[in-house]
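Coordinate inspection notes
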Amino acid sequence: MKVECPPEYYECLTELEYDEILEIFEENDMVMPEALGDVEAASDFVWQVLFLTPIELIYIGFTMTVLATYGLSIYYIYKKIQKKFA
């Protein structure tokens, strides 16, 4: 009897198929990824940001500067137009 896979899952495996995948991971010294909770994912993100290389920090800093300048320019024009018609 084949059971339909729920729509929220990409693929359903039988217990035998799952065990085969685990064996492949073990043979290749790979660790099966575990699901992260919200707090654990947030702390993992913070650690990744803290330990960026200087080149990555410069790249992110430059990108954020461009986006901030663009956003502030739009805000300035909006306020200028608002002041003109007030």
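Parameters and conventions
- Residues numbered from 1 in each chain as written.
- Predicted model: local features only at pLDDT ≥ 70, side-chain atom pairs only at ≥ 80, totals over all residues.
- Heavy atoms only, no water.
- Helix = DSSP H or I, 4+ residues; strand = E, 2+ residues; numbered from the N terminus.
- Rg over C-alpha atoms; globule rule 2.2 N^0.38 Å.
- Buried < 20%, exposed > 50% of the residue type's maximum accessible area, 1.4 Å probe, protein only.
- Areas by Shrake-Rupley, 256 points an atom, 1.4 Å probe, with all protein chains shown as cover.
- pLDDT = per-residue confidence, 0-100.
- Patch = residues over 30% accessible without salt bridge, like charges linked within 9 Å, V, L, I, M, F, W, Y side chains within 5 Å.
- Salt bridge = Lys/Arg side-chain N within 4 Å of Asp/Glu carboxyl O.
- Lys, Arg positive; Asp, Glu negative; His and termini not counted.
- Charge placed at Lys NZ, Arg CZ, Asp CG, Glu CD.
- Expected span 1.5 Å × (residues − 1).

This paragraph deals with the overall build of the protein chain. When helices and strands are counted, the protein chain shows three helices and zero strands. Listed by position from the N terminus, the elements making up the protein chain come as α-α-α. At 25 Å, the protein chain has a C-alpha radius of gyration far larger than the 12 Å of a compact globule built from 86 residues. If one aligns the C-alpha atoms of the protein chain with their principal axes, the spans along those axes are about 75 × 40 × 20 Å. Classification of the 86 residues of the protein chain by burial places 1% in the buried group. Here the protein chain displays about 8,800 Å² of accessible surface, and carbon together with sulfur accounts for 66% of that area.

Interpreting fine coordinate detail is not advised for predicted regions of low pLDDT. Mean pLDDT over the protein chain stands at 86; residues scoring 70 or higher make up 93%. Within the protein chain, the lowest mean pLDDT, 85, falls on helix α2 (residues 38-50), and the highest, 95, falls on helix α3 (residues 54-84).

Further remarks concern a nonpolar patch on the surface. Taken together, the side chains of F45, V46, W47, V49, L50 and F51 make up a nonpolar region of the molecular surface, amounting to roughly 680 Å² of accessible area. By the secondary structure assignment, F45 is in helix α2. A residue is classified by how much of its surface remains accessible, and F45, at 54% relative accessible area, is exposed.

Taken together, the side chains of E11, E15, E17, D19, E20, E23, E26 and E27 make up a negatively charged region of the molecular surface. Considering the arrangement of structural elements, one finds E17 in helix α1 (residues 15-27).

Its 13 residues give α1 an end-to-end C-alpha distance of 18 Å, which sits within 8% of 18 Å, the value for a rise of 1.5 Å per residue. Looking one or two residues beyond α1, the residue adopting positive phi is D29, at roughly 55°.

Bringing the environment of L72 into the picture now. Positionally, L72 belongs in helix α3. As a C-alpha pair, L72 and S43 span 29 residues in sequence and 30 Å in three-dimensional space.

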